[in-house]
Amino acid sequence: MSSQRTQTGYNFAYLDEQTKRMIRRALLKAVAIPGYQVPFGSREMPLPYGWGTGGIQVTASILGRDDVLKVIDQGSDDTTNAVNIRRFFERTAGVATTERTEDATIIQTRHRIPEKPLSEDQIMVYQVPLPEPMGRLEPQEVVTRKLHALADYGLMHVKLYEDIARYGHIASTYDYPVLVNGRYLMAPSPIPKFDNPKLHMSPALQLFGAGREKRVYAIPPYTRVESLDFEDHPFSVQRWDDPCALCGATDSFLDEVVLDDAGGRMFVCSDSDYCKTRQAAGHTGSQSPVPATQEEAA
Amino acid sequence: MSPLLRVKGISKRYGEHIGCADVSFELHAGEVLAVVGESGSGKSTLLQLLSTRIASDTGSIEYQVTGRGLVDLAHLSEAEQRWLLRTDWGYVEQNPRDGLRMNVSAGANVGERLMAVGARHYGEIRNTATDWLQRVELDAARIDELPTGFSGGMQQRLQIARNLVTRPRLVFMDEPTAGLDVSVQARLLDLLRELVTDLGLAAVIVTHDLAVARLLAHRLLVMRQGRVVETGLTDQVLDDPQHPYTQLLVASVLQV
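Predicted, not measured: the structure shown is a model, and the values here were computed from it.

Remarks on the overall build of chain B
Helix and strand counts for chain B stand at ten helices and ten strands. Here the C-alpha radius of gyration of chain B, 18 Å, is about what a compact globule of 256 residues would show, namely 18 Å. Dimensions of chain B, computed from C-alpha atoms along their principal axes, come out at roughly 55 × 50 × 35 Å. Residues classed as buried in chain B amount to 54% of the 256 residues present.

Take a look at the structure:
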């Protein structure tokens, strides 16, 4: 598999085999207890904390020579973080990479879930900045661990209550807390709450890694994942008035792009692969580049 | 009738130092017991022992758990102890800032216990919170304000509402009126007396203020150096103190 760009001198996928084994043991435990944060011996990685040191260690430890890797950052394949990590694994592991969601066997993501439905032979790896969902309300980890142990999650509803009291609705739009398998409260890493329903009963294995906090956790395939809410303020996802300006999609998560300093803006799919696939299939939006007509070509 | 709380010979030592030694008493439903004594006499240690915040070295504390009869608290699991603490019990801290969540609104403070025991209807939680704010004489219009903007007396009343919202049967209070202005103290005492009678609360109140004990308590426990030196009906102990220390305590009250 090794291409010319593969660096020599490193073990396959950078980490040594003992470290990968240690992380895999932690991951097995995480899968066995859905949503539970398992401590692991996080290593120094050649990128700064906050850039996906947790996700990259999880990916490195589960990566095989035949895997096809896709890396996205906020849904996009071509942003700095995604490009960096993809190149890191191209160089240290020499595995095949792709931008097409359906071709990938492992998808490392920073803060999005691809729009295309995942399948049973895919693994999602999430980069997690703050694994503890109650961390902002209860700073002591000794306390939050006890709250998890006793499934004492009233505190999280205090936060949601406070949102409604202040804004009239639950104002959390990302990192929206979920209850996994009816037991553990979990931070779904800062994915938009738009993606929360995709966590529920997903056919793909979902792994979460937090490098600085030294925690991994997991959602096994086909596991119940419920977003917390109130009976009279049920959970709902974001909606946009306009379709994607490039591909006309009405069912995807849209990013707002500022076009000029005169209030011009457009909304485009945050999932670049999804948008490209649709454009290739002939879908257009209000800002689609005007296709080269016969006259211009002539 | 069996008591609500039965304490038998509990002691707590901090190394060489005695926290409290060989304390026994019974508390019945609807009864208010005041623990008085000078500072360092073991009042607060006793309260912390009773509320399972710290474990006692010897002795037993039994509580009438609904549907289960008298149960030794040491035999309850941690989850059951916590359940008791946030449903059947209340704990009013001396400093309201310790008992309140200062970074969430008054309504959320009152609603927290409801949500902890499974209330999931925002409208109902809010109505209950509004109702309780009015019961403790707080302006219901300030339900969305942070407790940091409340005066000390208002914070203390908010803390009381937060504790009573689940209709506990037993409330522990650690110097509930200390640190408050005298006029505010009087109003708070009035309110406490009303609530205790209305709800049929049993309460253990730690105080160094004999006036508080006189107003609120049915019975009195006088402590000194970790030991109980005298117990009895409040009026009886205060009007006719037997132990020299109690006599000193009663005599030292300022008469204006």
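Some points on the domain arrangement of chain B
Residue and element names in this part refer to chain B. When its domains are assigned, chain B resolves into domain 1 (8-88 + 168-254) and domain 2 (102-166). On a C-alpha basis, the centroid separation for the pair domain 1 and domain 2 is 25 Å. Contacts between domain 1 and domain 2 engage 16 residues on the former and 15 residues on the latter. The junction of domain 1 with domain 2 conceals about 1400 Å² of combined surface from both sides, 66% of it contributed by carbon and sulfur atoms. Viewed at the interface, domain 2 and domain 1 are joined by one salt bridge. E137 is paired through a salt bridge with R187; the nearest N and O atoms lie 3.2 Å apart. Where domain 1 packs against domain 2, one counts five residue pairs in polar contact (both at pLDDT 80 or more). When contributions to the side of domain 1 that touches domain 2 are tallied by element, the ones reaching two or more residues are α2 (78-87) and α7 (182-199). Top element by residues in the side of domain 1 that touches domain 2 is α7. It accounts for seven residues. For the side of domain 1 that touches domain 2, a count of residues per class yields 13 nonpolar, one polar and two charged.

Concerning the packing of aromatic side chains
Going through the model one piece at a time under the given rule, you end up with 15 aromatic pairs over all chains. On the basis of an interplanar angle of 45 degrees and a centroid distance of 5.2 Å, the ring pair of A:Y161 and B:Y122 is categorised as tilted. Of this pair, A:Y161 sits in helix α5 (residues 154-167) while B:Y122 sits in helix α5 (residues 122-135), each in a different chain. Each member of the pair, A:Y161 together with B:Y122, is buried. Consider the rings of A:F194 and A:W240, whose centres lie 5.7 Å apart with planes at 65 degrees: the pair is edge-to-face. Residue A:F194 is located in the loop between β7 (184-186) and α6 (196-199), and its partner A:W240 is located in the loop between β10 (225-227) and β11 (254-258); the two are separated by 46 residues in the primary sequence. The class for A:F194 is buried, based on a relative accessible area of 10%. Among the residues examined, A:W240 registers a relative accessible area of 25% and is labelled partly exposed. Through successive ring pairs, a cluster of aromatic residues spans A:Y10, A:Y14, A:F88 and A:F89.

As for the sheet that holds strand β4 (residues 58-65) of chain B
Residue and element names in this part refer to chain B. Taken in spatial order, the four strands make up an open sheet running β2-β1-β4-β5, and their pairing is antiparallel. Looking at the sheet topology across the chains shown, the edges are occupied by β2 (17-27) and β5 (69-72). Between one strand and the next, the sheet's axes are offset by a mean angle of 25 degrees, whatever the strand orientation. Strand direction decides the pairing type here: strand β1 (residues 5-14) and β2, joined by seven bridges, are antiparallel. From the neighbouring strand, L5 faces β2, where its bridge partner is L27. Sheet contacts for helix α1 (residues 43-50): β1, β2 and β4; angle to β1, the most-contacted strand, approximately 120 degrees.

Some thoughts on the sheet that holds strand β10 (residues 227-233) of chain B
What holds strands together in a sheet is hydrogen bonding between their backbones, with the strands either parallel or antiparallel. Residues and elements named next belong to chain B. Across the sheet, six strands lie side by side as β6-β7-β8-β3-β9-β10; this open sheet has mixed pairing. The open sheet is flanked by β6 (89-92) and β10, the only strands paired with a single partner. Looking at each pair of strands side by side, their axes are set apart by 15 degrees on average, direction ignored. With six bridges connecting them, strand β9 (residues 219-224) and β10 associate as antiparallel partners. By the bridge assignment, M223 is partnered in β10 with V228. Of the strands in this sheet, β3 (32-36), β9 and β10 touch helix α10 (residues 244-251), which is tilted by about 105 degrees from β9.

Looking at the environment of B:S44
Residue and element names in this part refer to chain B. Positionally, S44 belongs in helix α1. Judged by its relative accessible area of 32%, S44 falls in the partly exposed class. Along the chain, S44 and S252 lie 208 residues apart, while their C-alpha atoms are 21 Å from each other. The contact partners of S44, leaving out residues within four places of it in the chain, are D174 and V206.

Overview of the pairing of β11(A)
All names here are of chain A. Pairing of β11 with strand β12 (residues 265-269) involves five bridges; the strand directions are antiparallel. Residue pairing in the sheet places D255 in a bridge with V268 of β12. From the end of β11 to the start of β12, which pair antiparallel, there are six residues, and G263 there has a positive phi angle of about 85 degrees.

Concerning the nonpolar core
Counting residues in hydrophobic clusters, the biggest one holds 67 residues, and the most contacted among them are A:Y161, A:F230, B:V110, B:L158 and B:I160. No other element matches the seven residues that α5(A) contributes to this core. When residues of this core are assigned to domains, at least three fall in each of domain 1 (8-88 + 168-254) and domain 2 (102-166) of chain B. The residues contacting A:Y161, other than those within four sequence positions of it, are A:F230, B:S105, B:G107, B:A108, B:M115, B:Y122, B:I125, B:R126 and B:I143. Listed in part, the 30 residues of the second largest apolar core include B:I10, B:V71, B:W89 and B:L221.

What about the packing of helix α6 (residues 152-164) of chain B against α7(B)?
All names here are of chain B. Between α6 and α7, whose axes approach to 10 Å, the crossing angle comes to 10 degrees. One finds that α6 runs roughly parallel with respect to α7. In this structure, the crossing between α6 and α7 has a hand that is right-handed. Taking contact as the criterion, the partners of G153, Q156, R157, I160 and L164 in α6 are, on α7, V184, R187, L188, L191, L192, L195 and L199.

Overview of the pattern of salt bridges
All names here are of chain A. Across all of its chains, the model carries 39 salt bridges over all chains by this definition. Linking D273 and K116 is a salt bridge whose minimum nitrogen-to-oxygen distance equals 3.0 Å. Taken as a pair, D273 in helix α7 (residues 272-280) and K116 in the loop between β4 (106-110) and β5 (123-127) lie far apart in primary sequence, 157 residues in all. Across the pair, K116 and D273 agree in class, each one buried. Two residues, R145 and E141, come together in a salt bridge whose shortest N-O distance is 3.7 Å.

Thresholds applied
- Residues numbered from 1 in each chain as written.
- Chains lettered and ligands numbered in written order.
- Predicted model: local features only at pLDDT ≥ 70, side-chain atom pairs only at ≥ 80, totals over all residues.
- Heavy atoms only, no water.
- Helix = DSSP H or I, 4+ residues; strand = E, 2+ residues; numbered from the N terminus.
- Rg over C-alpha atoms; globule rule 2.2 N^0.38 Å.
- Buried < 20%, exposed > 50% of the residue type's maximum accessible area, 1.4 Å probe, protein only.
- Domains from an automatic or database assignment.
- Contact = heavy atoms within 4.5 Å.
- Buried area = accessible area lost by both parts, 1.4 Å probe.
- Salt bridge = Lys/Arg side-chain N within 4 Å of Asp/Glu carboxyl O.
- Polar contact = N/O pair within 3.5 Å; in protein donor to acceptor, adjacent residues only side chain to side chain.
- Nonpolar A, V, L, I, M, F, W, Y, C, P; charged D, E, K, R; others polar.
- Phe/Tyr/Trp six-rings, centres within 6.5 Å; stacked < 30°, edge-to-face > 60°.
- Pairing = 2+ DSSP bridges.
- Axes fitted to C-alpha atoms, helices over the stretch in contact; angles between N-to-C directions.
- Core = buried A, V, L, I, M, F, W, Y, C linked by side-chain atoms within 4.5 Å.
- Parallel < 35°, antiparallel > 145°, perpendicular 65-115°, else oblique.
- Left-handed = near helix turned anticlockwise from the far one by under 90°.

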